[in-house]
Amino acid sequence: MSVLLRTATLDDLDGIMAIETSTFATDAWSRASMTHELTAPGGRYLVATAEEDDTTVIGYAGMLALKGAPEADIQTIAVLAEHQGQGLGRAMLTQLLTEARQGGVREVFLEVRADNPGAQHLYETLGFEQIAVRTRYYMPDGVDAVVMRLSVPPAATETTPGPVEPFGDAPLDEQDVRP
């Protein structure tokens, strides 16, 4: 199945909430909270859909990155159970991190449940490091939150020394150049 990542809109709210309540059964955000997240200044939410049906949400991820601020926060990320393990979470998070870098963000923070080693591993493979624990952060379960941080290196353009070789097998002639 091909997947499309696109900006989330309020039209996606029902699909997002279906995943939110099934994934985070005891501590799901309310519909009002999610509506606020989707419309808040500095909020950036993505949805993953099947390419052939871009109205059925199979995953979502959100980040708060206020314009000009050097920090951003990953707010949430979730994928329908039947689509987990296919790299959707990684793809959405990577897209958000790319956008954060392009916006000048230097550090990205997130909280993850201490009882979710799969998510912690994903974040670690993307360069996040554990910096703190918030005891009994997730209610009503009383589960600790592991606070993680990613130091975002600035985007860099590298140049190669020496002459640039043309593409293809043949050398580039003046007659091949069009004004």
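Quick note: structure is the one above.
Residues numbered from 1 in each chain as written. Predicted model: local features only at pLDDT ≥ 70, side-chain atom pairs only at ≥ 80, totals over all residues. Heavy atoms only, no water.

**Quick notes on the packing of aromatic side chains**
Piece 1. This structure, assessed with the given rule, holds 2 aromatic pairs.
Piece 2. Geometrically, the ring pair formed by Y137 and Y138 is edge-to-face, given 5.0 Å between the ring centres and 90 degrees between the ring planes.
Piece 3. In this structure Y137 comes out as partly exposed when scored by relative accessible area, which is 39%. (Phe/Tyr/Trp six-rings, centres within 6.5 Å; stacked < 30°, edge-to-face > 60°. Buried < 20%, exposed > 50% of the residue type's maximum accessible area, 1.4 Å probe, protein only.)

**Some remarks on the sheet that holds strand β6 (residues 129–138)**
To summarise the sheet geometry, strands pair through backbone hydrogen bonds and adopt either a parallel or an antiparallel arrangement.
Piece 1. Taken together, 7 strands build an open sheet; the order of strands is β1-β2-β3-β4-β5-β7-β6 and the sheet is mixed. The open sheet has two edge strands, β1 (3–7) and β6, and neither has a second partner. Adjacent strand axes in the sheet meet at a mean angle of 30 degrees, parallel and antiparallel pairs treated alike.
Piece 2. Sheet analysis places strand β4 (residues 71–79) next to strand β5 (residues 107–113), joined by 3 bridges and oriented parallel. When the bridges of β5 are listed, D73 appears paired with F109.
Piece 3. Sitting on the sheet, helix α1 (residues 13–23) touches β2 (43–50), β3 (53–64) and β4, and the angle it makes with β3 is about 65 degrees.
Piece 4. Packing against the sheet, helix α3 (residues 88–102) makes contact with β1, β2, β3, β4, β5 and β7 (143–151), and its axis sits at approximately 160 degrees to β4. (Pairing = 2+ DSSP bridges. Helix = DSSP H or I, 4+ residues; strand = E, 2+ residues; numbered from the N terminus. Axes fitted to C-alpha atoms, helices over the stretch in contact; angles between N-to-C directions. Contact = heavy atoms within 4.5 Å.)

**Digging into the nonpolar core**
Piece 1. Formed by 40 residues in total, the largest nonpolar core has its most connected members in I16, V108, Y123 and F128.
Piece 2. The biggest single contributor to this core is α3, with 6 residues.
Piece 3. Sequence-distant contacts of V108, defined by excluding residues within four places in its chain, comprise A72, I74, L97, A100, F128, M148, R149, L150 and V152. (Core = buried A, V, L, I, M, F, W, Y, C linked by side-chain atoms within 4.5 Å.)

**Quick notes on helix α4 (residues 117–125)**
Piece 1. Every buried residue belonging to α4 is among A119, Q120, L122 and Y123, and all of these are buried. Buried residues of α4, viewed axially, fall in a sector of 160 degrees; they line one side. Of the exposed residues in α4, the ones pointing more than 90 degrees away from its buried face are P117 and H121.
Piece 2. Contact partners of the buried residues in α4: β4, α3, β5 and β7.
Piece 3. Backbone geometry just after α4 places G127 at a positive phi near 105 degrees. (Arc of directions from axis to C-beta.)

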